[in-house]
Amino acid sequence: MSVSERYTQAWESYWRETSDAPGEAIWDADPSLSAAPHLDLLAPHADTGLPIVDLGCGNGTQTRYLASHFPRALGVDLSRAAVEHARRADRAKVAEFEQLNLTDAARVRELHERLGDSNVYMRAVIHQSDPPDRQPVAEAVATLLGRRGRAFVAELTEESKTVLRELAQAPGGPPPKLRRVFDHGLRPADARTAEVAELLREAGLTVLAQGLTTLPQTEYRADGTRIDLPAQWFVVAPAARRAG
């Protein structure tokens, strides 16, 4: 079994066994805690008249929020089961969803040809990807941006791995939603903190703005506090089109 096959099957099994209930996935935070503040960081650098593509959209919670701020919003995910979740949840049909393997450069180029230059929203995809897939994922961002698009990228830092390890070793083991992530063979916070910026630059992208943040989860510690995982964020543009 290739790395890509293992990765695909892990995500398919996870989403097949996840209900449609909002927040059932540990990362399915309300947009007020995720896409909304992220859009505040992206918007000053972006042409919001362009479409936006949500990479690794999962069940489409953030995509539906983004659809209210862009003329067209498309969510893509490696998992067909995730795309089915997203389509069921989008009762008002405000967004579009399709299955896409971001490491398939030909299909990513075809998507760019259909949409034209687009903005990109990518939250917590690189850190979950297998090492050989991380550079192709960054290159997919660059392809979709074309010349005019801008991207918001948020990824867990290595500090998150420490938090997750502590949760896994707590009395009684990890909280249920986190346990499901581990049970399906997913590996959160697997990338080095410095690796993300390196991948983006190697893909021909320029960092316009960056900072540290947390990614709120839908799971809680035993003491009732929400799990917020340390993360970093970047707003990036094609290097040749760096904004002044």
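These lines cover the structure that appears in this document, whether it is placed above or below. Fair warning: this is a prediction, and the values are worked out from it, not measured in the lab.

Taken as a whole and assessed by the stated rule, the structure comprises 8 aromatic pairs. For the pair Tyr-7 and Trp-11, a centre-to-centre distance of 6.4 Å together with 85° between the ring planes defines the contact as edge-to-face. Of this pair, Tyr-7 and Trp-11 both sit in helix H1 (residues 3–16), separated by 4 residues, roughly a single helical turn. Trp-11 sits in the buried class, given a relative accessible area of 10%. Ring geometry for Phe-152 and Trp-233: centres 6.0 Å apart, planes at 15°, overall stacked. With Phe-152 in strand S5 (residues 151–156) and Trp-233 in strand S7 (residues 226–238), the pair connects residues that are 81 residues apart, well separated along the chain. Exposure class is identical for Phe-152 and Trp-233. Each is buried. One aromatic cluster in this structure is built from Tyr-7, Trp-11, Tyr-14, Trp-15 and Trp-27.

Okay, the pattern of salt bridges next. Side-chain pairs of opposite charge can arise where the charged atoms are in close proximity. Applying the stated criterion to the full structure yields 11 salt bridges. Between Arg-72 and Glu-96 there is a salt bridge whose closest N-O contact spans 2.6 Å. Pair noted here: Arg-72 is in the loop between helix H3 (61–66) and strand S2 (73–77) and Glu-96 is in strand S3 (residues 96–99), with a separation of 24 residues, a long-range link. Residue Arg-72 is classed as partly exposed on the basis of its relative accessible area, which comes to 31%. Salt bridges here are not isolated pairs; linked through shared partners, they connect Arg-134, Lys-161, Asp-190 and Glu-195.

Residues Val-108, Leu-111 and Leu-115 constitute the buried set of helix H5 (residues 105–115). Buried residues of H5, viewed axially, fall in a sector of 55°; they line one side. A positive phi of about 80° marks Gly-116, the residue just after H5.

Here we take up the sheet that holds S7. One open sheet accounts for 7 strands, arranged S3-S2-S1-S4-S5-S7-S6; its pairing is mixed. Looking at which strands have only one partner, the edges of the open sheet turn out to be S3 and strand S6 (205–220). Each strand of the sheet is rotated relative to its neighbour by a mean of 20°, with strand direction disregarded. Here S2 pairs with S3 via 4 bridges, running parallel. Bridging from a neighbouring strand, Val-76 pairs with Glu-98 of S3. The strands touched by helix H4 (residues 80–89) are S2 and S3; relative to S3, the strand with the most contacts, the crossing angle is about 165°. Against the sheet, helix H6 (residues 131–145) makes contact with strand S1 (52–55), strand S4 (119–123), S5, S6 and S7, and its axis sits at roughly 155° relative to S4, the strand it touches most.

A separate point is the pairing of S4. Burial runs high along S4: 5 of the 5 residues are buried. Alternating positions in S4 separate into two faces, Asn-119, Tyr-121 and Arg-123 on one and Val-120 and Met-122 on the other, with burial throughout. Relative to S4, S1 runs parallel, the two being bridged by 4 bridges. Counterpart to Val-53 in the pairing with S4 is Val-120. Bridging between S4 and S5 involves 4 bridges; their strand directions are parallel. Residue pairing in the sheet places Met-122 in a bridge with Val-153 of S5.

A contiguous patch of positive charge on the surface is contributed by Arg-80, Arg-87, Lys-93 and Arg-107. If you trace the backbone, Arg-80 turns up in helix H4.

With that settled, consider the environment of Ala-154. When you line up the elements, Ala-154 lands in strand S5. A sequence separation of 19 residues divides Ala-154 from Gly-173, and the C-alpha atoms of the two residues are 27 Å apart. If near-sequence neighbours (up to four positions away) are discounted, Ala-154 is found in contact with Met-122, Arg-123, Ala-124, Leu-215, Gln-232 and Trp-233.

Calculation criteria
- Residues numbered from 1 in each chain as written.
- Predicted model: local features only at pLDDT ≥ 70, side-chain atom pairs only at ≥ 80, totals over all residues.
- Heavy atoms only, no water.
- Phe/Tyr/Trp six-rings, centres within 6.5 Å; stacked < 30°, edge-to-face > 60°.
- Helix = DSSP H or I, 4+ residues; strand = E, 2+ residues; numbered from the N terminus.
- Buried < 20%, exposed > 50% of the residue type's maximum accessible area, 1.4 Å probe, protein only.
- Salt bridge = Lys/Arg side-chain N within 4 Å of Asp/Glu carboxyl O.
- Arc of directions from axis to C-beta.
- Pairing = 2+ DSSP bridges.
- Axes fitted to C-alpha atoms, helices over the stretch in contact; angles between N-to-C directions.
- Contact = heavy atoms within 4.5 Å.
- Patch = residues over 30% accessible without salt bridge, like charges linked within 9 Å, V, L, I, M, F, W, Y side chains within 5 Å.
- Areas by Shrake-Rupley, 256 points an atom, 1.4 Å probe, with all protein chains shown as cover.
- Lys, Arg positive; Asp, Glu negative; His and termini not counted.
- Charge placed at Lys NZ, Arg CZ, Asp CG, Glu CD.

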